[in-house]
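Secondary and tertiary structure notes
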Amino acid sequence: MTGEYGLLEPDESDAPGDEFEQIDVTDTEADRIARERDREFDQFRKRIKDSDRFKVDDGAFDDATFAALYKLVQDGYVDAIGGPLSTGKEANVYNALAGERSLEMLRAGEEEVAMKVYRTRATNFQDMREYLVGDPRFEELGDKKKIVMAWTRKELSNLERARKAGVRVPRPITAQRNVLIMEYIGTEDGRAKRLTEVSIENPETAFEVVREYIKRLYGAGLVHGDLSEYNVLFYDGELVVIDVGQAVTIHHPNAEEFLERDCENVASFFGRQGMEITGDELLEWVHENAEP
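The rules behind the values
Residues numbered from 1 in each chain as written. Predicted model: local features only at pLDDT ≥ 70, side-chain atom pairs only at ≥ 80, totals over all residues. Heavy atoms only, no water. 1 Å grid on protein atoms, 1.4 Å probe; cavity = no way out; pocket = protein on both sides within 12 Å on 5 of 7 lines; lining within 4 Å. Points joined across faces, edges and corners; volume = space filled by probe spheres on them. Helix = DSSP H or I, 4+ residues; strand = E, 2+ residues; numbered from the N terminus. Nonpolar A, V, L, I, M, F, W, Y, C, P; charged D, E, K, R; others polar. Expected span 1.5 Å × (residues − 1). Buried < 20%, exposed > 50% of the residue type's maximum accessible area, 1.4 Å probe, protein only. Arc of directions from axis to C-beta. Pairing = 2+ DSSP bridges. Axes fitted to C-alpha atoms, helices over the stretch in contact; angles between N-to-C directions. Parallel < 35°, antiparallel > 145°, perpendicular 65-115°, else oblique. Left-handed = near helix turned anticlockwise from the far one by under 90°. Contact = heavy atoms within 4.5 Å. Core = buried A, V, L, I, M, F, W, Y, C linked by side-chain atoms within 4.5 Å. Phe/Tyr/Trp six-rings, centres within 6.5 Å; stacked < 30°, edge-to-face > 60°. Lys NZ or Arg CZ within 6 Å of the ring centre and 35° of its normal.

**Some details on the layout of surface pockets**
Roughly 900 Å³ of internal volume is contained in the largest pocket. Every residue lining the largest pocket is counted, 37 residues in all, and those nearest its centre are K116, R194, N231, I242 and D243. Among the secondary structure elements, those contributing two or more residues to the lining of the largest pocket are β1 (78–87), β2 (91–98), β3 (112–118), α5 (125–132), α6 (144–164) and β5 (179–183). With four residues, the top contributor of residues to the lining of the largest pocket is α5. Tallied by class, residues from the lining of the largest pocket come to 17 nonpolar, eight polar and twelve charged.

Okay, structure coming up:
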């Protein structure tokens, strides 16, 4: 992996401040569609469930999840749903052909989006709560459905905030219930490689970019909370930060602990690339240079 890893310019005209808008996690149009179950929706649901490219054989998706996909197609964000890019305990990520409304938000020549579907029957809701409770964007959360919806909306909000701050993340497009649509980071041959999957020939410059991203996130009032070589991609000469769903505001009671962990993870990785850096040194640099 070579290159100078170009940085984005922060959006100074619309830079995020210390304010945080409340995030709505009430029932969506997808919930209404799932309740009414008209013939057109039932046909769509059956076609998706039976597709070899989109097998759902683990009971992870409920009817409202299929309704969310249906609504995204109806609204012009997705034209066709493809196969899985990655699977995890909390979510599966699929590629999809971008609809007209998504194409308006993508760069010229880009025709695919990534579709992140959070599992509605995830087993680690308590872990999710750790990152949600104390976030000023949410009121008291209730059942599992609201927790998953909150997580999805939070990731969309975090992507928007990070991008305004000049952090290279997948371009956020929209969210419907527990489904997030964003820029696909990869080529027709597959997703972009994580830092842990490539050979870094210029670790000093790569470290400076990741360090700058931590600072910019903190200056925008966010802490990633799970930053490591597994959540940074190398794509088209850029380093791209992913998986920001758990990112918390600096007002979260555990924000400083999460920041310390991020710095330790990043320093440990680049230390293995031959650099002399500690987590404490990186943390101190962030505090000295960020302007939250």
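The structure having been displayed, the exposition proceeds.
**A short note on helix α8 (residues 255–271)**
The first and last C-alpha atoms of α8 sit 24 Å apart over 17 residues, in line with the 24 Å expected at 1.5 Å per residue. Every buried residue of α8 is listed here: A255, F258, L259, D262, C263, V266, A267, F269 and F270. Around the axis of α8, the buried residues are gathered within 165° of arc, so they sit on the same side.

**Considering the sheet that holds strand β8 (residues 193–194)**
An order of β8-β10-β11 is seen for the three strands of this open sheet, with the pairing classed as antiparallel. Lying at the two open borders of the sheet, with one neighbouring strand each, are β8 and β11 (238–241). Alignment of β8 against strand β10 (residues 232–235), held across two bridges, turns out to be antiparallel. Bridge assignment links K193 to a residue of β10, and that residue is F234.

**Side note on the packing of helix α7 (residues 203–219) against helix α9 (residues 279–289)**
Look at α7 against α9: their axes get within 9 Å of each other, and the N-to-C directions meet at 50°. In this view, α7 runs oblique relative to α9, as classed from their interaxial angle. Judged by the sense of rotation from one axis to the other, the crossing of α7 with α9 is right-handed. For the pair formed by α7 and α9, the contact residues are F207, R211, E212, I214, K215 and Y218 on the first element and L282, W285, V286, H287 and N289 on the second.

**Quick notes on the pairing of β10**
Here four bridges tie β10 to β11, and the two strands are oriented antiparallel to one another. Bridge assignment links Y235 to a residue of β11, and that residue is E238. Between β10 and β11, which pair antiparallel in sequence order, lie two residues; one of them, D236, sits at a positive phi of approximately 55°.

**Quick word on the nonpolar core**
With 57 residues, the main nonpolar core has I214, L239, L259, V266, F270 and V286 as its most contacted residues. Discounting residues that sit within four places of it in the chain, V266 has contacts with F207, V210, I214, L227 and L282. Of all hydrophobic cores here, the second largest spans 27 residues; its members include A34, A64, I81 and V179.

**Some words on the packing of aromatic side chains**
For the coordinates displayed, the defined rule picks out six aromatic pairs. Summarising the aromatic geometry, the rings of F41 and Y70 are spaced 5.6 Å apart at their centres and angled 65° between planes, so their arrangement reads as edge-to-face. With F41 in helix α2 (residues 39–50) and Y70 in helix α3 (residues 63–74), this pair connects stretches of sequence that are 29 residues apart. Taking relative accessible area as the criterion, F41 reaches 0% and is therefore assigned buried. On the accessibility criterion, Y70 (6% relative accessible area) is buried. With a centroid separation of 5.1 Å and 80° between ring planes, the pair formed by F269 and F270 is classed as edge-to-face. Overall, the relative accessible area of 1% leaves F270 in the buried class. Aromatic rings pair up to connect F41, F44 and Y70 into one cluster. In this arrangement the basic side chain of R211 is found over the ring face of W285, its NZ or CZ atom lying 4.1 Å from the centre.

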